[in-house]
Each structure stands twice: as structure tokens, then as C-alpha cells.
Amino acid sequence: HRLALQRSLIDGARLLWIDDVPSNNRFEIAMLQSIGAHIDVETTSAAARTAINRTIYDLVISDMARADDQKGGLAFADEIVQQKRPPPMIFYVSNAQKPVPASAFGITDKPDELVHLILDALARVRS
């Protein structure tokens, strides 16, 4: 319901989605794209680093583990917060552990909670 009411926050938003198994998020990505989000999907931190250096993103969504590196997403988040205007980062993981990492806007393992975090982050960035 909230997504329908705040569609304008997502319409035209640039998102970077980092996950070494992007097929795990195909439904979430398709839903966001269907309401106007522009999403670039990368499978490695190196590719995501290249993408973030060439494109201004409103938001980054990331898994935590990258192939053999169980904390690869966290290391990437620590990198991007050093940028001049870092986009907020949300971790979307299979088993969310609280507290939220200091370098992240939020962490979740629930699709509905992900939507709320996305809307909250975009409201801050795009308002």
C-alpha cells in the first residue's frame, strides 16, 4: 500500500544492486523496475566500485557475502561512506543480524521491510 502511495519516490530513482547471485532478487528488482526505478545489477564489489565511480546513485542495495568473502558487502559499504556524497546503503540478506552496520542505512531479510527501507532512504535523498 505504501509503495503505491509513494510511487513518485521510486520513479526515476537510480539504484545499484550488488549480489553475487542476482537471480535471488529477480522479483524485487522486477517490482521496483515496474514502477520506474532504474537498477544496475553488479555481482562483485570491483564491478560495483566501477559503476559507482561513473554513475550517481540514489541508493545501493547489497548482499553481505561475495563469493568467498563473507564480509565483502560490509567492506564495500565502508568504502563508499568515504565518498564526498555517498548514497545510502541497504543490506538485503538471507538472515539479517542486528544491529545495523554503522556504514549502512538498514539491514533486512524481509521483502516488505526492504520496501519500507527503500522508501525511507529515497525520501531523505530525493526530497
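In what follows, the structure referred to is the one given above.
All figures in this text were calculated on a predicted structure; none of them were measured in a lab.

A. Geometry of the overall build of the protein chain. Assigned secondary structure in the protein chain consists of six helices and five strands. Relative to the 2.2 N^0.38 estimate, which gives 14 Å for 127 residues, the radius of gyration of the protein chain is 13 Å and therefore close to what a compact globule would have. Over its C-alpha atoms, taken along the principal directions, the protein chain stretches across nearly 40 × 30 × 25 Å. Burial analysis of the protein chain (127 residues in total) assigns 46% to the buried set. Considering only contacts in the protein chain between residues 6 or more positions apart, those separated by 24 or more positions represent 59%. With an accessible surface of roughly 6,900 Å², the protein chain has 52% of that area assigned to carbon and sulfur atoms. If the 14 positive side-chain charges of the protein chain are averaged to one point and the 16 negative ones to another, these points end up 6 Å apart.

B. Fine view of the pairing of strand β2 (residues 38-42). Looking at chain direction, strand β1 (residues 14-18) and β2 are connected through five bridges and run parallel. The residue of β2 that forms the bridge with Ile18 is Glu42. Where the polypeptide runs from β1 across helix α3 (residues 26-34) and back to β2, its parallel neighbour, the crossover connection is right-handed.

C. A look at unusual backbone geometry. For the bond from Lys98 to Pro99, the omega torsion is 5 degrees, close enough to zero to count as cis. By the secondary structure assignment, Pro99 is in the loop between β4 (89-92) and β5 (106-108).

D. Region of the structure containing the layout of surface pockets. Computed from the structure, the largest pocket encloses a volume of approximately 400 Å³. Taken together, 19 residues form the lining of the largest pocket, with Met64, Ala65, Val93, Ser94 and Asn95 sitting closest to its centre. Across the lining of the largest pocket, the residue classes break down as eight nonpolar, six polar and five charged. Quantified by volume, the second largest pocket comes out at close to 200 Å³.

E. Molecular detail of the packing of aromatic side chains. Applying the stated criterion to the full structure yields one aromatic pair. Relative to Tyr92, the ring of Trp17 lies with its centre 6.1 Å away and its plane at 85 degrees, an arrangement referred to as edge-to-face. Placement of the pair is Trp17 in strand β1 and Tyr92 in strand β4, with a sequence separation of 75 residues. For Tyr92, a relative accessible area of 9% translates into the label buried.

Scoring rules and cut-offs
Residues numbered from 1 in each chain as written. Predicted model: local features only at pLDDT ≥ 70, side-chain atom pairs only at ≥ 80, totals over all residues. Heavy atoms only, no water. Helix = DSSP H or I, 4+ residues; strand = E, 2+ residues; numbered from the N terminus. Rg over C-alpha atoms; globule rule 2.2 N^0.38 Å. Buried < 20%, exposed > 50% of the residue type's maximum accessible area, 1.4 Å probe, protein only. Contact = heavy atoms within 4.5 Å. Areas by Shrake-Rupley, 256 points an atom, 1.4 Å probe, with all protein chains shown as cover. Lys, Arg positive; Asp, Glu negative; His and termini not counted. Charge placed at Lys NZ, Arg CZ, Asp CG, Glu CD. Pairing = 2+ DSSP bridges. Right-handed = clockwise from strand over helix to strand, strands pointing away. 1 Å grid on protein atoms, 1.4 Å probe; cavity = no way out; pocket = protein on both sides within 12 Å on 5 of 7 lines; lining within 4 Å. Points joined across faces, edges and corners; volume = space filled by probe spheres on them. Nonpolar A, V, L, I, M, F, W, Y, C, P; charged D, E, K, R; others polar. Phe/Tyr/Trp six-rings, centres within 6.5 Å; stacked < 30°, edge-to-face > 60°.

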